[in-house]
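Next come the chains, spelled out residue by residue.
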Amino acid sequence: MAATLKDATAIVGIGQTAFAKQLPQSEKELACRAILAALDDAGIDPSEVDAFSSYTMEETDEVEVAKAIGAGDVTFFSKIGYGGGGSCATVGHLAAAVATGQASVGVAWRSRKRGSGPRPWKNTAVQLPTPGQWTRPFGLLRPADEIGMLARRYMHEYGATRDHLFNVAMACRNRANENPAAMMYERPLTREMYMTARMISDPLCLFDNCLETDGALACVIVSAERARDCRQKPVYVHSVAQGLPSQHHGMVNYWNDDPLSGPAWTAARHLWKQADFGPQDVDVAQIYDAFTPLIPLSLEGYGFCGRGEGASFTEGGALEIGGRLPINTGGGGLSEAYVHGFNLINEGVKQLRGISTAQVPDAATCLVTAGEGVPTSAILLRA
Amino acid sequence: MTTTTTTGTTADELLLPVPDGDGAPFWEYAAQGELRIQACAAPTCGKLRFPPRPCCPHCRSFDSEWRLMSGRGRIWSYVQPHPPLLPAYAAQAPYNVILVELADAPQIRLVGNLVTSADAPLDSMDPARLRIGARVQVVFTETGGMAVPRWVLEKS
Ligand SMILES: [Zn+2]
């Protein structure tokens, strides 16, 4: 009989540092602070941690973290590829490790100093990995340029407009305005600010891009059985999936039959197949928002609407609290902090604990997704 | 075949392609003014593939050839990057980056730039003329000891 991951594990602790353009601490120290905060939240001693999971572009590795926090013997560790596409997979890997007895207390984390530290696209040398030969010399340099290319085609094919992208930016900003920890707390956005903002990669303007942030987050995963004895109400890991579609190609997904159907579609098929509920039963969603166009694409990919309907889905306040599908209730990468999507995981946990600063009443199910465009991952959480 | 040694940038500091083993023939043909795309050489298959790779994803044959394209295509999408950018690109911004689907094989898409002539700067084309579906024709620009494809509007 096959083992199932369904509700076999739970997130029992979450922790985070401050989010800011510039923090004085090192990435390593930020990671340790977030991890220790998450363990304290769970009521679990750091010496009990025996599993770690992170994702690439993380400068702090498990050896350093385990040593610094005083972890015991570690029997499982993993590092998932593709940067922001790996955020939810950390929870998935730890859930699998705990459910199959490879470890008992797992910690996933993300620490970065992108607010004050280097940005990869500014470095000529790292512009030229193998796939870069087909894109970088032509001035397609930054993720914003690569996603902007897809966004323009999406607008052309489906009649999406900048107003639709504004709906996304606005929903995230409105939630950040309610979240004192968010970088954009008390900094409202207006339609006029959006429409007159400087362009970054036309059709994408400043407000279509996530924030550059210093900060760290972590969460703690244990078996469902153990979770019942932890300090906090367990948030169960209901379904997990990664997605690397057939004939996919890194971030610039231009070389398959349908570049507008990205890794989200692949992850979603597996995610829903393993779940007891469907998209119509999701109370709140935390959708990876490095760029606003990822939201309509993901709404389609994860089955909240049909192909080409993602933009119109955002109309009429659908993404706001009280709307059809409230999203990114901490403010997301666009307005809370861009910590490679990990804040979306912790915000999902807050919603199902009932402690979000923009609480969806009685939220019992939450979808969290990782970066769309790159090979990705997603989790379904339930109270 | 000769190996092109590059420093990664041109005299004006634009990035140069750094070919890998699979991609090298593309750039060697480009230096001869030819747009060629890798194709499966198995007689029962023959499918084109891009970017280049060791074997055919359809029949798994390791035999490949480089097929000459007409050099005609249509704009599938485009963006106009604005700073902050690497300095050499910022100097020409906003410029366009286009994605061209080849007339001979619409599933093969190449990233490039729409310019007024082969040697014109990246920002030479009037942005008002950028349009999805516009017909374009490849030209080759010599730069930093390499030839890179650029695109001009097809003369009607
Ligand atoms: Zn073949």
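Criteria and cut-off values
- Residues numbered from 1 in each chain as written.
- Chains lettered and ligands numbered in written order.
- Predicted model: local features only at pLDDT ≥ 70, side-chain atom pairs only at ≥ 80, totals over all residues.
- Heavy atoms only, no water.
- Contact = heavy atoms within 4.5 Å.
- Buried area = accessible area lost by both parts, 1.4 Å probe.
- Salt bridge = Lys/Arg side-chain N within 4 Å of Asp/Glu carboxyl O.
- Pairing = 2+ DSSP bridges.
- Helix = DSSP H or I, 4+ residues; strand = E, 2+ residues; numbered from the N terminus.
- Axes fitted to C-alpha atoms, helices over the stretch in contact; angles between N-to-C directions.
- Donors = N, O, S within 2.8 Å, 3.2 Å for Na, K, Ca; no water.
- Tetrahedral: all angles 85-135°; square planar, octahedral: opposite > 155°, others 65-115°.
- Phe/Tyr/Trp six-rings, centres within 6.5 Å; stacked < 30°, edge-to-face > 60°.
- Buried < 20%, exposed > 50% of the residue type's maximum accessible area, 1.4 Å probe, protein only.
- Core = buried A, V, L, I, M, F, W, Y, C linked by side-chain atoms within 4.5 Å.
- Parallel < 35°, antiparallel > 145°, perpendicular 65-115°, else oblique.
- Left-handed = near helix turned anticlockwise from the far one by under 90°.
- Nonpolar A, V, L, I, M, F, W, Y, C, P; charged D, E, K, R; others polar.

**Student:** Outline the interface of chain A and chain B, supporting the account with residue identities and numerical values.
**Tutor:** Of the residues lining the interface, 36 residues belong to chain A; the matching set on chain B comes to 41 residues. At the boundary of chain A with chain B, total buried surface from both sides reaches about 3,500 Å², with 64% on carbon and sulfur atoms. Of all residues in chain A, the largest losses of buried area upon contact with chain B belong to A:Trp134, A:Phe138 and A:Met149, amounting jointly to 23% of the total for that side. Inspection of the region where chain A meets chain B yields zero salt bridges.

**Student:** Help me get a handle on the sheet that holds strand E4 (residues 106-113) of chain A, residues and values and all.
**Tutor:** Residues and elements named next belong to chain A. Pairing in this open sheet of nine strands is mixed, and the strands run E3-E2-E4-E7-E1-E8-E11-E10-E9 from one edge to the other. At either margin of the open sheet sits one strand with a lone partner, and together these are strand E3 (76-80) and strand E9 (284-286). On average, adjacent strands in this sheet sit at an angle of 25 degrees to one another, irrespective of strand direction. Relative to strand E10 (residues 365-369), E9 runs parallel, the two sharing three bridges. Bridging across to E10, Gln286 finds its partner in Val368.

**Student:** Explain the coordination of the zinc ion to me, and be specific about the residues and the numbers.
**Tutor:** Residue and element names in this part refer to chain B. Donor atoms from the polypeptide that coordinate the zinc ion comprise Cys40 (SG), Cys45 (SG), Cys56 (SG) and Cys59 (SG), at 2.3 to 2.4 Å from the metal. Of note is the zinc ion, whose four donor atoms meet at the metal with angles of 97 to 114 degrees in an arrangement that counts as tetrahedral. Coordination of the zinc ion draws on donor residues from a single chain, spaced C-x4-C-x10-C-x2-C in sequence.

**Student:** Account for the packing of aromatic side chains, with residues named and values stated.
**Tutor:** All told, the structure shown has 14 aromatic pairs over all chains when counted by the stated rule. On the numbers, 6.3 Å between centres and 55 degrees between planes, the contact of B:Phe26 with B:Phe50 is tilted. Highlighted residues: B:Phe26 in helix H1 (residues 24-31) and B:Phe50 in the loop between strand E1 (36-40) and strand E2 (64-68), separated in sequence by 24 residues. Of the residues examined, B:Phe50 reaches a relative accessible area of 5% and is grouped as buried. Grouped by ring-pair contacts, the aromatic residues A:Trp134, A:Tyr254, A:Trp255, B:Phe26, B:Trp27 and B:Phe50 constitute a single cluster.

**Student:** Describe the nonpolar core, and please don't skip the residues or the numbers.
**Tutor:** By size, the foremost hydrophobic cluster in this structure holds 119 residues, and its most contacted members are A:Ile11, B:Tyr89 and B:Trp151. Looking at this core element by element, the count peaks at seven residues for helix H4 (residues 143-158) of chain A. Contacts of B:Tyr89, omitting those with residues within four sequence positions, involve A:Arg136, A:Pro137, A:Phe138, A:Gly139, A:Leu141, B:Leu14, B:Leu15, B:Tyr95 and B:Leu122. Membership of the second largest hydrophobic core comes to 30 residues, among which are A:Ala10, A:Ala20, A:Val49 and A:Val65.

**Student:** Just give me the short version of the pattern of salt bridges, but keep the residues and values in it.
**Tutor:** Residues and elements named next belong to chain A. A full pass over the atoms with the stated rule returns 24 salt bridges over all chains. Asp258 is the salt-bridge partner of Arg307, the closest N and O atoms lying 2.5 Å from each other. With Arg307 in the loop between helix H9 (294-301) and helix H10 (310-313) and Asp258 in the loop between strand E8 (235-243) and helix H8 (263-273), the pair connects residues that are 49 residues apart, well separated along the chain. The class of Asp258 is partly exposed, set by a relative accessible area of 26%. Between Arg382 and Asp276 there is a salt bridge; the shortest N-O distance is 3.8 Å. With Arg382 in strand E11 (residues 376-382) and Asp276 in the loop between H8 and E9, this pair connects stretches of sequence that are 106 residues apart. Residue classification places Arg382 among the partly exposed residues on the basis of a relative accessible area of 24%. In this structure, a network of salt bridges that share partners links the residues Lys6, Asp7, Asp276 and Arg382.

**Student:** Quick rundown of the packing of helix H1 (residues 27-42) of chain A against helix H2 (residues 62-69) of chain A? Include the residues and the values.
**Tutor:** All names here are of chain A. Between H1 and H2, the least distance of the axes is 10 Å, while the angle of their chain directions is 60 degrees. For the element pair H1 / H2, the angle class is oblique. With respect to the hand of their crossing, H1 and H2 are arranged in right-handed fashion. Between H1 and H2, the residues in contact are Lys28, Ala31, Cys32, Ile35, Leu36 and Leu39 and Glu64, Val65, Ala68 and Ile69, respectively. Among the residues forming the contact of H1 with H2, the class breakdown is eight nonpolar, no polar and two charged.

**Student:** Can you break down the pairing of E4(A) residue by residue, with the values?
**Tutor:** All names here are of chain A. Of all eight residues in E4, eight are buried; the element is thus mostly enclosed. Where strand E2 (residues 51-55) meets E4, three bridges bridge the pair, whose relative direction is parallel. Residue pairing for E4: Ala51 is matched across the bridge by Gly106. Looking at chain direction, E4 and strand E7 (residues 214-223) are connected through eight bridges and run antiparallel. Looking across to E7, one finds that Arg110 is bridged to Leu217.

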